[in-house]
Amino acid sequence: MERILSYVDAIREATHQEMDRDPSVLVFGLDVDDPKVIQGTTRGLLEKFGPERVFGTPLSEDAMTGVAIGLALAGLRPIHVHIRMDFLMLAMNQLVNIAAKSRYMYGGQVQVPIVVRSMIGKSWGQGAQHSQGLYSFFMHVPGLKVVAPTTPYDAKGCLIQAIRDNDPVIYVEHRILHFQKGPVPETLYTAPLGKARITAQGSDVTLVGISHMQLECLRAQRYLEAIGIQAEVIDPIWLQPLDIETIAESARKTGRLCVVDNGWITCGAGAEIVAAVLERVQDTHAIQVRRLGFAPVTCPPTPTLEDLYYPNGRTIASVVRKLVSGAKDEWLPDERADLCEIEFKGPF
Amino acid sequence: MNERFYKALYRIRRVEEEIAAVYPTDKIKSPVHLSIGQEAVSVGVCEALGPDDVVAGTYRSHALYLAKGGNLKRMIAELYGKVTGCAKGKGGSMHLIDTAAGVMGTSAVVGTTIPNAVGYAYAMKLQRKQTLVVSFFGDGAVDEGVFHESMNFAALKALPIIFICENNSYAIHTHQSRRQKLSNICAKANVFGIPTEQIRDNDVFRIHERVSAAVKKLHAGESGPFFFECLTYRLKEHVGPNEDFHLGYRTREEAEPWIKNDPLVKLVAQLEPRRRIEIEAEVDTEIKDAFKFAESSSFPEADELFTDVYDCRA
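Only a predicted model underlies this, so the values are computations on that prediction, with no experimental measurement involved.

Would you mind showing me how to read the overall build of chain A here?
The number of helices and strands found in chain A is twelve helices and 14 strands. Whereas a compact globule of 348 residues would reach a radius of gyration of roughly 20 Å, chain A reaches 20 Å, a difference of no more than 12%. For chain A, the C-alpha atoms occupy an extent of roughly 60 × 45 × 45 Å along the three principal directions. Looking at chain A as a whole, 55% of its 348 residues are labelled buried. Put simply, of all contacts in chain A between residues at least 6 apart along the chain, 79% involve residues at least 24 apart.

Sorry if this is basic, but what is going on with the nonpolar core here?
If you look at soluble globular proteins, the nonpolar side chains tend to sit buried side by side. If you look at the biggest cluster of nonpolar residues, it comprises 189 residues, and the most contacted ones within it are Val147 and Val320 of chain A together with Leu9 of chain B. Mapping this core onto the domain boundaries places at least three of its residues in each of domain 1 (4-183) and domain 2 (197-339) of chain A. Ignoring anything within four residues of it in the chain, the contact list for valine 320 of chain A reads Val205, Leu207, Ala220, Leu224, Ile229, Ala231 and Cys258 of chain A.

Could you clarify how one ought to interpret the sheet that holds strand β6 (residues 145-147) of chain A in this entry?
Hydrogen bonding along the main chain pairs the strands of a sheet, whether they run parallel or antiparallel. The sheet built from seven strands is open, its strands ordered β3-β2-β4-β5-β7-β6-β12 (chain A) with mixed pairing. At either margin of the open sheet sits one strand with a lone partner, and together these are β3 (54-55) and β12 (238-240) of chain A.

Teacher, can you tell me more about helix α3 (residues 61-73) of chain A here?
Because an α-helix packs 3.6 residues into every turn, residues spaced three or four apart end up facing the same way. Residue and element names in this part refer to chain A. Taking 1.5 Å as the rise per residue, α3 with 13 residues should run 18 Å; its terminal C-alpha atoms sit 18 Å apart, in good agreement. Counting buried positions along α3 gives 13 out of 13 residues, so the element sits mostly inside the fold. Two residues or fewer after α3 comes glycine 75, characterised by a positive phi angle close to 100 degrees.

Help me out: how do you make sense of the interface of chain B and chain A in this one?
When the parts come together, some accessible area is lost, and that loss is often what is quoted as the size of the interface. Each partner contributes to the interface: chain B provides 36 residues, whereas chain A provides 35 residues. Breaking the side of chain B that touches chain A down by element, the ones donating at least two residues are β2 (103-107), α5 (113-126) and α6 (145-156) of chain B. The element that contributes the greatest number of residues to the side of chain B that touches chain A is α5 of chain B, accounting for ten residues. When its residues are assigned to classes, the side of chain B that touches chain A shows 19 nonpolar, twelve polar and five charged.

How should I be thinking about the domain arrangement of chain A in this particular structure?
Residues and elements named next belong to chain A. Structurally, chain A comprises domain 1 (4-183) and domain 2 (197-339). On a C-alpha basis, the centroid separation for the pair domain 1 and domain 2 is 27 Å. Contact with domain 1, which involves 26 residues of that partner, is made by 22 residues of domain 2. Breaking the side of domain 1 that touches domain 2 down by element, the ones donating at least two residues are α6 (135-139), β6, α7 (152-164) and β7 (169-174). Here the residues of the side of domain 1 that touches domain 2 are counted per class, giving 14 nonpolar, nine polar and three charged.

What exactly am I supposed to notice about the sheet that holds strand β4 (residues 161-167) of chain B here?
Residues and elements named next belong to chain B. One open sheet holds the six strands; their spatial order is β2-β1-β3-β4-β8-β7, and the pairing between them is parallel. A strand with exactly one partner marks an edge of an open sheet, and here the two such strands are β2 and β7 (196-199). In this sheet, neighbouring strand axes are inclined to one another by 15 degrees on average, regardless of whether the strands run parallel or antiparallel. Across four bridges, the pairing between β7 and strand β8 (residues 226-231) is parallel. Within β8, the residue paired with glutamine 198 across the bridge is glutamate 229. In the packing of α5 onto the sheet, contacts are made with β1 (54-58), β2, β3 (133-138) and β4, and the angle to β3 comes to roughly 170 degrees.

Sorry, what's going on with the environment of glycine 248 of chain B here?
Residue and element names in this part refer to chain B. Relative to the assigned elements, glycine 248 resides in the loop between β8 and α9 (252-260). Judged by the 8 C-beta atoms lying within 10 Å of it, glycine 248 is exposed. In this structure, the C-alpha to C-alpha distance between glycine 248 and valine 142, residues 106 residues apart in sequence, is 24 Å.

The rules behind these values
- Residues numbered from 1 in each chain as written.
- Chains lettered and ligands numbered in written order.
- Predicted model: local features only at pLDDT ≥ 70, side-chain atom pairs only at ≥ 80, totals over all residues.
- Helix = DSSP H or I, 4+ residues; strand = E, 2+ residues; numbered from the N terminus.
- Rg over C-alpha atoms; globule rule 2.2 N^0.38 Å.
- Buried ≥ 20, exposed ≤ 12 C-beta atoms within 10 Å, placed from the backbone.
- Contact = placed C-beta atoms within 7 Å.
- Core = buried A, V, L, I, M, F, W, Y, C linked by C-beta atoms within 7 Å.
- Domains from an automatic or database assignment.
- Pairing = 2+ DSSP bridges.
- Expected span 1.5 Å × (residues − 1).
- Nonpolar A, V, L, I, M, F, W, Y, C, P; charged D, E, K, R; others polar.
- Axes fitted to C-alpha atoms, helices over the stretch in contact; angles between N-to-C directions.

Set out below in structure tokens:
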């Protein structure tokens, strides 16, 4: 029988199993050992592996990122946890100037196998500094890898891949995805580096949804299906390296590409995906493209404005309908109760 | 000991002078931050360390790299941008590394290797290894937030690390007094519960003796960290092969006591003249060979551009 786990438990199990397998793995960050244990993702680790391998840190993101790099230079495999991605801005110097560059600027003599876990918040008034999806910053820098799993299955497989990877990996979790449940094998397995997944088959348009927007794209796919538009939905999973070929192949077939980012549009992951696909297909295919993402403003906490700030399944469907049909009239599907609790079913 | 220290100091001084001499030919493809005047700190500290101990440094680390046993030929080749360089020509003067010698890397962004060294020390403690870590940085790094964060964590975890602040009074051209209200750098580390000591006279033997005492304590299992502020003086310009007294941010008079007190010159008097000549000849030959090695080495092939970005085995 298939075992169902939450995204949170998938992360916890991956960490636990890897720490058990490999004594060089350690976990630290603000609050990893406090009573709330990072939404449960670090539960039980302190008791099992002790305070030298599992510890809360001073509020020193810059230095602690440098410490993670130093641990990695000494041959260990640290996982540094940040309960919000916004806090990574305090760690940029170490991530961009040291972690990303050490292998290259030291002529291949060293490597920095660190995993930087960071969470994107949404709703409950998260507001300006608890909601940002800033992974495109890291996609820009050679030497870093970036992954944003959306399913419990991939949360485990990608984390194990990231831990075993010999390069620095920015591991992006969306707080809302923490509540997802899905099939997760108990065995140790890895999600292949740089491999996207087609999550729904279709022929009219290619919909790429990043992180939490993958869920919204799956909702949009159902709304569109109801009006006769078949969307192919792709979860890129890895943003660096990015599986452009899978997305380009789908776009060649559908002739239309819409990327829905869990961040702002300008210079974002969507811009990168659209441009890279066009470079590949433009000689043989004239495809139409659209990018969607956060409104180009600071995230407001009040729900009426926050609702307008984020794309959702209905607004995505509305834009995609225009892209596919050429319709000029406005249309927004009525909210469907059966799509409120959408979950990934697998099997993967 | 006199001979050993003289050789180490002389070797660094001569390497730096040779770099300065070659620099106008444009054969050196790297900005150079010469260590002339500051050699005693690196030599005094590194002579107190074992081969397995590890150091991390700054963009002004020619002295540190050589004092810790970094390969001279590969350092000069690195400055020339050659594939035989310690980073295959992909690091340059500011990113020297020799893992076999325990030189774990040097960085161009001020203060950045301090937490890396702290992390390395945590790894040594976790793995119950005897290895000590020494973190070198300048007085400019004390301005940076990461300095204070790193001191706090190293003290909190009682790590086997020695911090060496090479205080040459200037961050590029800006004097410490224009950057810090309180000049006492030891007090800034002491506040985290770290034992500190200031060594004022750039004396290679005193630095060696005091740091050796800390090394001995750490090897005996005493808790770290330890912190030393070593006053020293940079005699050349911030970056490049020349003097810079004409710029007006400092005077030649300020430099005079340091020149008069040059540890290299002071040691000459304590050596037997014949031995001195032998040591110098040996070092001069080694340096000549190193520059020849760099000159005759190849530049990296085009495919090197794309290697070492990610793990190629993946």
